Amino acid sequence: MNKWSGGIMLLAVMLATPSLAQDKSFIRLTQPGRQNSSVTTARQFLVGSTCKGCSLYVNDELQKVYPTGAFAIEVELDEGNNPFEIKSLGPGGDSSSRTVSFSYHPPQEPVPVTSVNIAYIQTFPEGNLTVAPGDLIKFRVKAIPGGTITVGHHFKLTELPVSGSQTMPGIYQGTYTVQCSDPMITGGALPVVLQSGDQQIRRNTTYSFTLTDPQAQPVIGKTTGDAPFLKYGLGEDRLGGAKIGYLDTAVLLNITGKVGTDYRVKLAKNLNAYIPQDQVKLLPPGNFAPSSLSNSWRVWGDERFDYVTISFAQKLPYRTTQEIAPARIVLDVFGATANTNWVTQLENAKEIKNVYYEQVEDDVLRVHIELKHAQHWGYQVYYSGSALTVKVKRPPAKPGLAKLTIAVDAGHGGSNSGARGPTGVYEKEMTLAVAIQLQKALLAEGAKVLMTRVNDSYVDNNYRIVSYRDKDPDLLVSIHLNSAGDPIRVKGTSTFYKHIGFRPLSQHIYKHLLDLGLKEYGNIGSFNFALNSPTEYPNVLVETLFLSNPEDEMLILDPGFRKQLADKIVLGLKDFVAAGVAMQ
């Protein structure tokens, strides 16, 4: 048996399991996840499944059961303990039951400290810091009102007055500016002293603070790994911090500080960024901060791509953005100063219309790459030696998907299960089912299809990015299912993009998905999802439905509906290609 047929058989078994007709009563709960739960909100949900022919009762009240056996029941809690008996009655008269309870206590209003004590100490940015003169450290301390708070023996915080949104006394704040040879920054935690009357309480900050020596050599690092990336700041969510973009390997960086596990990087006089420390190798002292004059430029093409090459003395950091109406690629090179007196442009460049530059700051060289056609089709930025190269993809020659290479990414897989539906089906199973159906539909159109996975295997997102960079698809579609804490009201379909030049792909697919009568959840941009990050090819994340919603789950469990989904995605892809070709 080959790997492909084995994957299909495994998928068939997985998809059959949650939807087998069952005559005997049972109760499978997916929410809540435990028998006894402590919660701070009154609205909660009982979500799960029973047999398709079963009747379901909660505290003796009959509940709706969907044709799949799924149920989603909203309950309103009273303060204290709230038990719920869930009972399933089978068509043959058999029964099963489960009891769950919620202990509900609303969040308590914050109260002032009433004894001579420090309740908490917060510092911002959070984490152990390596700071330089001029950096700002913010302190917030909650303690008994009316006292005096001193940090590091001499920096006094101010107790905020009670007014407006500040409803509680005893909150002390202050912003400290790091000094040269700062006596307060000693490489460890900082003492925080509360003086209240004749009593004194001393605590230490959670994090430590180290001062860089302004007389020392610059700290220079170079990027490592296959996909190092810069972040705008220190914000985080489930997708990580917002990314400026990816860099090539061995790009030089001027490191001026550290917050937790992120290095702070000085890109330009007025611009800092952050990079995870495991993506940087520090160089020995004595290296110069990255800077270079620009030398010769060349704009040219080969059989498949156009190129812009700019010679520098070092591998400098950069960022790119896409612009539309007109279509342009804007490249900022940090630490670069223009010394170019000509730009050679050859006639074999088919997609690049014009290239020019401006020195927008002393240490920022901005390159404008105008495209001949309105639709962006992708580009890659990398170094050949120390020559910075922008490789620009040309549009297809004609409409249709025949002879195009399309990547189909089935989200999650293996140990990464993703969301779970009321019947117990996992997102990883459904994304693979839709992806295989989409593969069939694309092959019927004459396209070449690259599959991230064809079975229940774990594939790291970073590997997906690097792998597709090498395989160079024309388009990428990543298949997922959404999930929400409210399994009753939240449902529908959505598409996501990051780069503005690729938005039309997500719009065309979204329009056709709505033709299925699905609820509109939105076309969402600037999305920080890994598979939306590449600039090399137009890409889209399709959150087909909400697996958490029983009605949406019922649709995705239907093989016929999965085929309709795949067909609509194909129509969106065809419309995108046709519109892009028509713009030529």
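Residues numbered from 1 in each chain as written. Predicted model: local features only at pLDDT ≥ 70, side-chain atom pairs only at ≥ 80, totals over all residues. Heavy atoms only, no water.

Student: Quick one: what's the story with the overall build of the protein chain, residue by residue and with numbers?
Tutor: Check the secondary structure of the protein chain and you find six helices and 41 strands. Dimensions along the principal axes, computed over C-alpha positions, put the protein chain at roughly 85 × 85 × 45 Å. When the 584 residues of the protein chain are sorted by exposure, 51% land in the buried category. Sequence separation of 24 or more characterises 69% of the internal contacts of the protein chain that already satisfy a separation of 6 or more. For the protein chain, the computed accessible surface area is about 26400 Å², with 49% contributed by carbon and sulfur atoms. Distance between charge centroids for the protein chain: 4 Å, based on 56 positive and 54 negative side chains. (Helix = DSSP H or I, 4+ residues; strand = E, 2+ residues; numbered from the N terminus. Buried < 20%, exposed > 50% of the residue type's maximum accessible area, 1.4 Å probe, protein only. Contact = heavy atoms within 4.5 Å. Areas by Shrake-Rupley, 256 points an atom, 1.4 Å probe, with all protein chains shown as cover. Lys, Arg positive; Asp, Glu negative; His and termini not counted. Charge placed at Lys NZ, Arg CZ, Asp CG, Glu CD.)

Student: Account for the side chain of Ser506, naming residues and giving values.
Tutor: Tracing the backbone shows Ser506 in helix α4 (residues 503-514). For Ser506, a relative accessible area of 0% corresponds to the buried category. Polar contacts involving the side chain of Ser506 include one to the side chain of Asn523, which spans 2.9 Å. Not counting the four nearest positions on each side in its chain, Ser506 is found in contact with Thr495, Phe496, Tyr497, Asn523 and Val540. (Polar contact = N/O pair within 3.5 Å; in protein donor to acceptor, adjacent residues only side chain to side chain.)

Student: Which residues make up the pairing of strand β36 (residues 405-410), and what values do they have?
Tutor: Regular strands place side chains that alternate from one sheet face to the opposite one. In terms of residue burial, β36 counts as a mostly covered element, since six of its six residues are buried. Burial along β36 is two-sided: the residues Thr405, Ala407 and Asp409 and Ile406, Val408 and Ala410 are all buried. Examined bridge by bridge, β36 and strand β37 (residues 448-451) share four bridges and lie parallel to one another. Following the sheet pairing, Val408 is matched in β37 by Met451. Traced from β36 through helix α2 (residues 427-444) to β37, the parallel crossover comes out right-handed. Here β36 runs beside strand β38 (residues 475-482); their pairing, made up of five bridges, is parallel. Bridging across to β38, Ile406 finds its partner in Leu475. (Pairing = 2+ DSSP bridges. Right-handed = clockwise from strand over helix to strand, strands pointing away.)

Student: I'd like a description of the state of the cysteines, backed by residues and values.
Tutor: Counting across every chain of the model gives one disulfide. At a sulfur-sulfur separation of 1.8 Å, the disulfide partner of Cys51 is Cys54. Sign of the S-S torsion, about 105 degrees for the bond between Cys51 and Cys54, identifies this disulfide as right-handed. Relative accessible area serves as the criterion here: at 1%, Cys51 is assigned to the buried category. (Disulfide = S-S within 2.5 Å.)

Student: Tell me what's going on with the sheet that holds strand β3 (residues 43-49), and back it up with residues and numbers.
Tutor: The antiparallel open sheet is built from three strands, whose spatial order is β1-β3-β6. The open sheet has two edge strands, β1 (28-31) and β6 (70-76), and neither has a second partner. When the angles between neighbouring strand axes are averaged without regard to direction, this sheet yields 30 degrees. (Axes fitted to C-alpha atoms, helices over the stretch in contact; angles between N-to-C directions.)

Student: For α2, give the residues involved together with the corresponding values.
Tutor: Look at α2: 26 Å from first C-alpha to last across 18 residues, which is about the 26 Å you get at 1.5 Å a residue. Among the 18 residues in α2, 14 count as buried, and that is most of the element. Residue Gly446 follows α2 closely and has a positive phi angle near 90 degrees. (Expected span 1.5 Å × (residues − 1).)

Student: Account for the sheet that holds strand β7 (residues 80-89), naming residues and giving values.
Tutor: Strand order in this open sheet of five strands is β2-β8-β7-β4-β5, and the pairing throughout is mixed. For this open sheet the edge positions go to β2 (36-39) and β5 (61-63), each flanked by a neighbour on one side alone. Strand-to-strand twist in this sheet, taken as the mean axis angle between neighbours without regard to direction, amounts to 30 degrees. Of the pairings in the sheet, the one linking β2 to strand β8 (residues 95-104) comprises four bridges and is parallel in character. Residue pairing in the sheet places Ser38 in a bridge with Ser103 of β8.

Student: Can you lay out empty space enclosed by the protein for me, pointing to particular residues and giving the numbers?
Tutor: The full count for this structure, using the stated rule, is three cavities of 30 Å³ or more. What the second largest cavity holds in volume is close to 50 Å³. The set of elements that each furnish at least two residues to the lining of the second largest cavity consists of β34 (379-384) and β35 (387-393). If you tally residues by element for the lining of the second largest cavity, the top one is β35, at three residues. (1 Å grid on protein atoms, 1.4 Å probe; cavity = no way out; pocket = protein on both sides within 12 Å on 5 of 7 lines; lining within 4 Å. Points joined across faces, edges and corners; volume = space filled by probe spheres on them.)

Student: Which residues make up the pairing of strand β40 (residues 520-524), and what are the values?
Tutor: The sheet contact formed by strand β39 (residues 493-496) and β40 spans four bridges and is parallel. Paired with Ser494 across the strands is Gly522, a residue of β40. For the crossover from β39 across α4 to β40, the handedness is right-handed.

Student: Which residues make up unusual backbone geometry, and what are the values?
Tutor: Following Gln31, the chain continues to Pro32 via a peptide bond in cis, the omega torsion being 5 degrees. One can find Pro32 in the loop between β1 and β2. Omega for the bond connecting Phe124 with Pro125 falls within 30 degrees of zero, at 0 degrees, which places this linkage in the cis form. Checked against the element boundaries, Pro125 lands in the loop between β9 (118-124) and β10 (129-131). Although it is not a glycine, Asn59 sits at a positive phi angle of roughly 50 degrees. Tracing the sequence through the fold places Asn59 in the loop between β4 (55-58) and β5. For Ala250, which is not glycine, the phi torsion reads 70 degrees and is therefore positive. Structurally, Ala250 is set in the loop between β20 (243-246) and β21 (252-259).

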